[in-house]
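Analysis of the macromolecular model
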Amino acid sequence: MDRLNGSANLMIVSDLDYTMVDHDDPENLALLRFNALWEAYYRHNSLLVFSTGRSPTIYRELRNQKPLLTPDITIMSVGTEITYGESMVPDDEWKEYLDCKWNRDIVMEETAKFPELISQSETEQRPHKVSFYLEKEKASKIMQALSKCLEKRGLDVKIIYSNGIALDILPQGAGKGRALAFLLEKLKADGLRPLNTLVCGDSGNDAELFGVPEVYGVMVSNAQEELVEWYAENSRDNARISHATERCADGIIQAIGNFSLGPNVSPRDIRDSMLNTKNLSPSHEVVMFYLFYERWMRGDIENSEQYIQNLKSIFHSTGNFVHPSGVDRPMQQIIDTLPKLFGEKQSLDFRVWVDHVSYAEVSLGSWLVKFDKWELSASIQN
């Protein structure tokens, strides 16, 4: 967040599974559309926050499986852990806050009295979260009884049931909504509180996010019944909360437009972009170049000399590309290699995305742009 000189323009706080990530979209097209939009228009002055029920272990597994961007902040384990940056530095102040009226040993003692509760994997058991599986038909009765038992033992806890199967027991001060409220106050104290915040979710453990004051909210079209019911009972008349008609990341993009929070046309949805490009910003140009590179390698566009000449006109004649290894090559030279690469990935599901785009003007009209570039190749299934 060091790149911010003041309030973030926009902060997106999104759940992952079936919100940012559509597990029914094997090509990850919606997620890739969001990635291009964020890196082209928002990364330099906004904040991306992932708020997930996943523990750090299975969050990292998801990042290895899907083309996720690197968030500025990660809220994990249903709002019981907050970390910052790529290295995921933990927020110790949040940990101390959650210790109030929380005793994990007592929670384990009391839950052991309920055979209906099936413990989730060890990776999902965290210092301030105890997680079980519980059949939907038994959930209401068990939650009421368990709450009374823990209250008698002097604990102040929160029990969250989501996805029709998962039960989480947390300190009363925890949860996705409380974690976001804490984060907003911290950003405000540092002079970085966002001008606008958009929260995004699909299930019951996301409901708290929509209750944070002054945020915009979107339930993606595929939101589960438990969240839709909560919306009908609590927020149907709230103009700042909407139910998208698009799934997952496409629903987030739709909400950005509906609430007029900023650009909402992904560069991935612009065809022939290298023939009609306007120099908007260095980050936009980098995103557009690699989208062109992907389409060129896939053979999705015409093998035209006009594309090559237009690329050369965009990049300065003295511009260089520096590989992380330290190899320095003129950009014009790299462009000259493209014709012989046309269609090389035609038989593959080949995708390219950039992450962590940052830039600085080093002299008048000259920019230093840094980014991570990722490629994904898979055989096309007929």
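See the structure shown above.
Residues numbered from 1 in each chain as written. Predicted model: local features only at pLDDT ≥ 70, side-chain atom pairs only at ≥ 80, totals over all residues. Heavy atoms only, no water.

**Some words on the overall build of the protein chain**
Each helix and strand in the protein chain was counted, giving 12 helices and 16 strands. Rg of the C-alpha trace for the protein chain: 23 Å, near the compact-globule value of 21 Å for 382 residues, within the 12% margin. The principal-axis extents of the C-alpha atoms in the protein chain amount to approximately 75 × 50 × 45 Å. The buried share of the protein chain, taken over its 382 residues, is 50%. (Helix = DSSP H or I, 4+ residues; strand = E, 2+ residues; numbered from the N terminus. Rg over C-alpha atoms; globule rule 2.2 N^0.38 Å. Buried < 20%, exposed > 50% of the residue type's maximum accessible area, 1.4 Å probe, protein only.)

**Regarding the nonpolar core**
In this structure, I12, M20, F34, W38, L68, L198 and L338 are the most contacted members of the largest nonpolar core, which totals 58 residues. Those residues within four positions of L198 in sequence are excluded, and the remaining contacts are L10, M11, I12, V13, Y216, G217, V218, I252, A255, I256, F259 and L261. By size, the runner-up hydrophobic cluster in this structure holds 34 residues, among which are L4, W94, L183 and A207. (Core = buried A, V, L, I, M, F, W, Y, C linked by side-chain atoms within 4.5 Å. Contact = heavy atoms within 4.5 Å.)

**As for the sheet that holds strand β11 (residues 216–219)**
Across the sheet, 8 strands lie side by side as β5-β4-β3-β2-β1-β10-β11-β12; this open sheet has mixed pairing. The strands lining the two open edges of the sheet, one partner per strand, are β5 (89–90) and β12 (241–243). Relative to strand β10 (residues 196–201), helix α9 (residues 248–258) is tilted by about 150 degrees, and along the sheet it contacts β1 (10–14), β10 and β11. (Pairing = 2+ DSSP bridges. Axes fitted to C-alpha atoms, helices over the stretch in contact; angles between N-to-C directions.)

**Description of the packing of helix α4 (residues 104–111) against helix α5 (residues 136–152)**
Where α4 contacts α5, the axes come no closer than 10 Å and their chain directions differ by 135 degrees. Comparing their axes, α5 and α4 come out oblique. You can see that α4 and α5 cross each other, and the crossing is right-handed. Taking contact as the criterion, the partners of I106, V107, E110 and T111 in α4 are, on α5, L146, C149 and L150. Among the residues forming the contact of α4 with α5, the class breakdown is 5 nonpolar, 1 polar and 1 charged. (Parallel < 35°, antiparallel > 145°, perpendicular 65-115°, else oblique. Left-handed = near helix turned anticlockwise from the far one by under 90°. Nonpolar A, V, L, I, M, F, W, Y, C, P; charged D, E, K, R; others polar.)

**A word on the pairing of strand β7 (residues 130–133)**
By the bridge criterion, 2 bridges tie strand β6 (residues 118–119) to β7 in an arrangement that is antiparallel. When the sheet's bridge partners are listed, S119 is paired in β7 with F132. Pairing between β7 and strand β9 (residues 166–171): 4 bridges, direction antiparallel. By the bridge assignment for β9, F132 is matched with L167.

**Things to note about the environment of A179**
Checked against the element boundaries, A179 lands in helix α6 (residues 176–189). The class of A179 is buried, set by a relative accessible area of 0%.

**Some details on the packing of aromatic side chains**
A complete count under the given rule lists 15 aromatic pairs for this structure. Ring centres of F292 and Y307 lie 5.5 Å apart, and the angle between their planes is 40 degrees; this geometry places the pair in the tilted category. With F292 in helix α10 (residues 282–298) and Y307 in helix α11 (residues 305–314), the pair connects residues that are 15 residues apart, well separated along the chain. Looking at Y307, the relative accessible area reads 5%, which means it is buried. Every member of this aromatic cluster is reached through a ring pair, and the members are F289, Y290, Y293, F315, F350 and F371. Geometry around Y216 places R240 over its ring, the cationic atom sitting 4.0 Å from the centre. (Phe/Tyr/Trp six-rings, centres within 6.5 Å; stacked < 30°, edge-to-face > 60°. Lys NZ or Arg CZ within 6 Å of the ring centre and 35° of its normal.)

**With respect to the pattern of salt bridges**
A side chain of one charge can pair with a side chain of the opposite charge when the charged atoms of the two come close. Tallying each qualifying case throughout the model produces 28 salt bridges. In this structure, the salt-bridge partner of D168 is K129, at a minimum N-O distance of 3.8 Å. A residue pair is termed long-range when its members are at least 10 positions apart, and D168 in strand β9 and K129 in the loop between β6 and β7 qualify at 39 residues. K129 shares its class with D168; the two are buried. Shared partners join several salt bridges into a network, and the residues in it are E27, R268, E294, R298, D300, D349 and R351. (Salt bridge = Lys/Arg side-chain N within 4 Å of Asp/Glu carboxyl O.)

**A look at the sheet that holds strand β8 (residues 157–162)**
Strand order in the open sheet formed by 4 strands is β6-β7-β9-β8, with antiparallel pairing between adjacent strands. Each edge of the open sheet is held by one strand with a lone partner, namely β6 and β8. Running over the sheet, α5 touches β8 and β9 and is turned about 175 degrees from β8.

**Brief notes about unusual backbone geometry**
We note that S77 has phi near 55 degrees; this positive angle belongs to a residue other than glycine. Mapped onto the elements of the fold, S77 is located in the loop between β3 (73–76) and β4 (81–84). By relative accessible area, which is 0% here, S77 ends up buried.

**Digging into α5**
For α5, spanning 17 residues, the distance from its first C-alpha to its last is 25 Å, which sits close to the expected 24 Å at 1.5 Å a residue. Helix geometry: α5 is bent most strongly at I142, by close to 30 degrees. Along α5, the residues that are buried comprise A139, I142, L146 and L150. Taken together, the buried residues of α5 touch α4, β8 and β9. Where α5 ends, the next residue or the one after it, G154, has phi of about 85 degrees, a positive value. (Expected span 1.5 Å × (residues − 1). Bend = angle between axes of the 7 residues up to and from the residue.)

**Examining the side chain of D15**
As for its placement among the helices and strands, D15 is situated in the loop between β1 and α1 (29–41). In this structure D15 comes out as buried when scored by relative accessible area, which is 5%. At 3.0 Å, the side chain of D15 forms a polar contact with the side chain of T19. Residues contacting D15, with those up to four places away along its chain left out, are M20, S51, T52, K176, C200, G201, D202 and D206. (Polar contact = N/O pair within 3.5 Å; in protein donor to acceptor, adjacent residues only side chain to side chain.)

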